[in-house]
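Residue-level structure breakdown
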Amino acid sequence: MAERYSSFEPGGRRWLWQRITAAFLVVVLAFHFFLLHFVNHADEVSFLASSARMTDLTYYSLMVLFLITATFHGVNGVYNALENQGLTGTKKQVVKYTLIAASIVLVVQGIRTANAWAGLPTF
Amino acid sequence: MSQSYDRGLVEDFGRWREFSAGMWAWVFHKFTGWVLVGYLFTHIAVLSTAISAAGQTQAIAAENDVYTTVITALESLLVVRILEVGLLAVAVFHILNGCRLLLVDLGIGLDSQDKSFYASLVLTGAIVVASVPTFLAGVFG
Amino acid sequence: MSTHVPETETETDTEAETEVEHSEPLAPAQEERMRKKAEARADREERARQEAAERATGDDDTVHLKVFRFDPEVEGKQEPRFDDFHVPYEKGMTVLDALIYARDTFDSSLTFRHSCRQAICGSDALFINGRQRLGCKTQLSDLDQPVRVEPLPHAEVEKDLVVDMDHFYDQMEAVEPYFDADELPDGELDEQRQTRENREKVKMSTRCIWCGACMSSCNIAAGNNEYLGPAAINKAYRFAMDEREGTERKQHRLNILEQENGVWRCQTQFSCTEVCPKDIPLTEHIQELKREAVKSNLKFW
């Protein structure tokens, strides 16, 4: 029977990364919420204020890393959910590449936005 | 020559009322996960108005560039503010239950997994209620 | 379990007579034991009296069962329905007892699996009042009435309460559920001894009776037929954690388990752990195997 399960794509690595990103996101998401709703109020937001934060290199790199991990964690979570539903074959491949494409678009757009604030080229 | 019968809906009869803590935790975690991914995409979409605002030096100084106006307009809507409170609830639960799941993955406290689920629910409620004033500040004024 | 409370009065009478014959002086410990026994006997007699009284007054005491019925081979029974049975209640009666009574007394076509009646054979896992339980291990007194008895969810119904278990058995076999050591001892008759600690580690996992309750309760196994499911993974745990098998064999076992539809599909809902009639900590075992798989992969890098 074992050959029925040999897909040669062990999910172990994705499982582990989902946990590693989770541990990171717990801290950074809490920080993000705290900073942008309690320290700075969302209704007082302005380009200048966002820009002031983003020109700080530490903050910039933290936010980019936040974007990448959040995208991975979220999109991988969606993929897992669909996998649990028993998605297989061509449909699964289509979903997989659609999700990957969406993630790339999201990350690129996010970095462009961050660059706009940081005064870097938005390519 | 026995043919079997798929019970369809009979099969799920009464199931949701019989769910245990672990099952509810999973349902909520999945739901909040979907909401958060959805929000991540819209969040970046809204924020990327900053890209087109980047060149307008004068407008930025006067705080009437595209980005600032869009965000301020959104924040002045009561619906948006209420949705933000909802987002906070969703995020806080996902964080707390996520911590619970990390512990479960590490094999810590599996016997009290139901209690930790209830704890994350209660804590989420408390944090959200405490944050309502901050989140709704200024929208009525 | 399923055995009825016997008529105790006659037994205790004869016991009492034999006790009297002990006239020689007894050691204090023995005396203490005798005293305890006497107390227990008095307790039993009291209980028997109460039960007799209850029987005398509550003759019309019945349990209301609602039982799922379906028979593909008889026209008119192909549409699933629920039949009501009112079974006379006896103290200590289990759901299986009631089903047997209903079959023997009211409707001989009522079909369900059962064998040992003491939660060992694993043939009578049923969906009772919205939860997977063993019929023989579930006291009617613990249930709300009417007691709703259905075949296990997420399996094809063959007839009445009987479901097709083939897929479940396939999954169990997929993990190669047999002891297979890398190295055998030299002598043909040498024992392959296990340390006490190791035995303790796999103890709970050996309790599985293949009843399928966990598999039926698992939300993921319901949606994804290829997921190995809690029972099979637990079975694999029993052998993967057995130190006598050796590292090579363990690696092979982990390779089976870390396929996409192996351990990773577990979402730690704890449904299986909740319903397991043998109290096997299934989720804990699955989680441990996940960590083992990750560890062995990290070693490979």
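If you're wondering where the values come from, they're calculated on a predicted model, not measured in any experiment. (Residues numbered from 1 in each chain as written. Chains lettered and ligands numbered in written order. Predicted model: local features only at pLDDT ≥ 70, side-chain atom pairs only at ≥ 80, totals over all residues. Heavy atoms only, no water.)

A word on the overall build of chain A
Stated precisely, the cut-off is as follows: A helix here means a DSSP run of H or I that spans at least four residues, while a strand means a run of E at least two residues long, and both kinds are numbered starting from the N terminus. Burial status follows relative accessibility: with a 1.4 Å probe on protein chains alone, a residue under 20% of its type maximum counts as buried, one over 50% as exposed, and anything between as partly exposed. Residues are treated as being in contact if the distance between any of their heavy atoms lies within 4.5 Å. All accessibility values rest on the Shrake-Rupley procedure with a 1.4 Å probe; residue burial counts only the protein chains present in the view.
In terms of helices and strands, chain A carries 4 helices and 0 strands. Each helix (α) and strand (β) of chain A, taken in turn from the N terminus, gives the series α-α-α-α. By residue count, 45% of the 123 residues in chain A fall in the buried class. Contacts spanning at least 24 positions in sequence make up 71% of the contacts within chain A whose residues lie at least 6 apart. Of the roughly 6,400 Å² that chain A leaves accessible, carbon and sulfur atoms contribute 71%.

Notes on the overall build of chain C
Of regular secondary structure, chain C possesses 11 helices and 7 strands. Relative to its 301 residues, chain C shows a buried fraction of 46%. Nonlocal contacts in chain C, meaning residues at least 24 apart in sequence, comprise 65% of its contacts between residues at least 6 apart. Of the roughly 15,600 Å² of accessible surface on chain C, a fraction of 47% belongs to carbon and sulfur atoms.

A few points about the pattern of salt bridges
To keep things clear, this is the line we draw: In what follows, salt bridge is the name for a side-chain nitrogen of Lys or Arg lying within 4 Å of a carboxyl oxygen of Asp or Glu.
Per the stated rule, a full pass over the model turns up 25 salt bridges over all chains. In this structure, K159 of chain C engages D71 of chain C in a salt bridge whose closest nitrogen and oxygen atoms are separated by 3.9 Å. Within this pair, whereas K159 of chain C is found in strand β6 (residues 157-159), its partner D71 of chain C is found in the loop between β1 (62-69) and β2 (81-88), the two being separated by 88 residues in sequence. Taking relative accessible area as the criterion, K159 of chain C reaches 25% and is therefore assigned partly exposed. When salt bridges that share partners are traced, they join R14, E83 and K92 of chain A together with E260 and R265 of chain C into one network.

Focus on helix α1 (residues 12-39) of chain A
Counted only if it meets this: Multiplying one less than the number of residues by 1.5 Å gives the expected span of a helix. At any given residue, the bend is defined as the angle formed between two axes, one fitted to the seven residues that end at that position and one fitted to the seven that begin there.
A rise of 1.5 Å per residue sets the reference length of α1 of chain A, with its 28 residues, at 40 Å; its end C-alpha atoms lie 39 Å apart and thus fit the reference within 8%. Along α1 of chain A, the sharpest change in direction is near 30 degrees and occurs at L25 of chain A.

Some details on a nonpolar patch on the surface
Which entries qualify depends on this criterion: By definition, no residue in a patch forms a salt bridge, and every one has over 30% relative accessible area; like charges are joined within 9 Å, nonpolar side chains (Val, Leu, Ile, Met, Phe, Trp, Tyr) within 5 Å.
Among the surface-exposed residues, Y97, I100, I104, V108 and F123 of chain A lie close enough to one another that they form a single nonpolar patch of about 540 Å² accessible area. Along the chain, the position of I104 of chain A falls in helix α4 (residues 89-118).

As for the environment of M172 of chain C
Structurally, M172 of chain C is set in helix α4 (residues 166-174). Taking the C-alpha atoms as reference points, M172 of chain C and W210 of chain C, separated by 38 residues in sequence, lie 8.5 Å from one another.

Structural notes on the sheet that holds strand β5 (residues 147-150) of chain C
Residues and elements named next belong to chain C. Condition: Strand pairing follows a simple DSSP-based rule, namely that at least 2 bridges must link the two strands. Interaxial angles span 0 to 180 degrees and are taken between N-to-C directions of axes, which are lines fitted to C-alpha atoms, for helices over the stretch in contact.
The sheet built from 5 strands is open, its strands ordered β2-β1-β5-β3-β4 with mixed pairing. At either end of the open sheet lies a strand with only one pairing partner, and these are β2 and β4 (131-134). Mean inter-strand twist for the sheet, computed between neighbouring axes without regard to direction, equals 35 degrees. Across the sheet, helix α3 (residues 95-105) lies against β1, β2, β3 (125-128) and β5, angled at about 100 degrees from β2, the strand it touches most.

Overview of the side chain of S46 of chain A
Locating S46 of chain A in the fold gives a position in the loop between α1 and α2 (47-54). With relative accessibility at 4%, the residue S46 of chain A sits in the buried group. With sequence-adjacent residues up to four places away left out, S46 of chain A is seen in contact with E63, Y67 and T68 of chain B.

Observations concerning the UniProt feature "transmembrane region" (unreviewed entry) in chain A
Condition: UniProt positions are given in the numbering used here, feature names are shortened, and annotations may be inferred rather than shown by experiment.
UniProt records the feature "transmembrane region" (unreviewed entry) for residues 20-39, 59-82 and 94-111 of chain A in the present numbering. In residues 59-82 of chain A, helix accounts for 100% and strand for 0%; the two terminal C-alpha atoms are 34 Å from one another.

Side note on unusual backbone geometry
Residues and elements named next belong to chain C. Cis geometry marks the peptide bond from Q145 to P146; its omega dihedral reads -5 degrees. Within the fold, P146 resides in the loop between β4 and β5. We note that E176 has phi near 55 degrees; this positive angle belongs to a residue other than glycine. For E176, the position within the fold is in the loop between α4 and α5 (196-202). For W210, which is not a glycine, the phi torsion comes out positive at approximately 55 degrees. Within the secondary structure, W210 sits in the loop between α5 and α6 (213-217). Among the residues examined, W210 registers a relative accessible area of 25% and is labelled partly exposed.

Examining the packing of aromatic side chains
All names here are of chain C. Rules: Stacked, edge-to-face and tilted are the three classes for Phe, Tyr and Trp ring pairs, Trp counted by its six-membered ring, which pair at centre distances within 6.5 Å; planes under 30 degrees apart are stacked, over 60 edge-to-face, the rest tilted.
Within this structure, the stated rule accounts for 15 aromatic pairs over all chains. With a centroid separation of 5.8 Å and 80 degrees between ring planes, the pair formed by F68 and F82 is classed as edge-to-face. Here F82 lies in strand β2 and F68 lies in strand β1, a separation of 14 residues in the sequence. F68 sits in the buried class, given a relative accessible area of 0%. By relative accessible area, F82 is classed as partly exposed at 24%. Ring centres of Y101 and F106 lie 5.9 Å apart, and the angle between their planes is 70 degrees; on these two criteria the pair is classed as edge-to-face. The class for Y101 is partly exposed, based on a relative accessible area of 31%. Classification of F106 as partly exposed rests on a relative accessible area of 43%.

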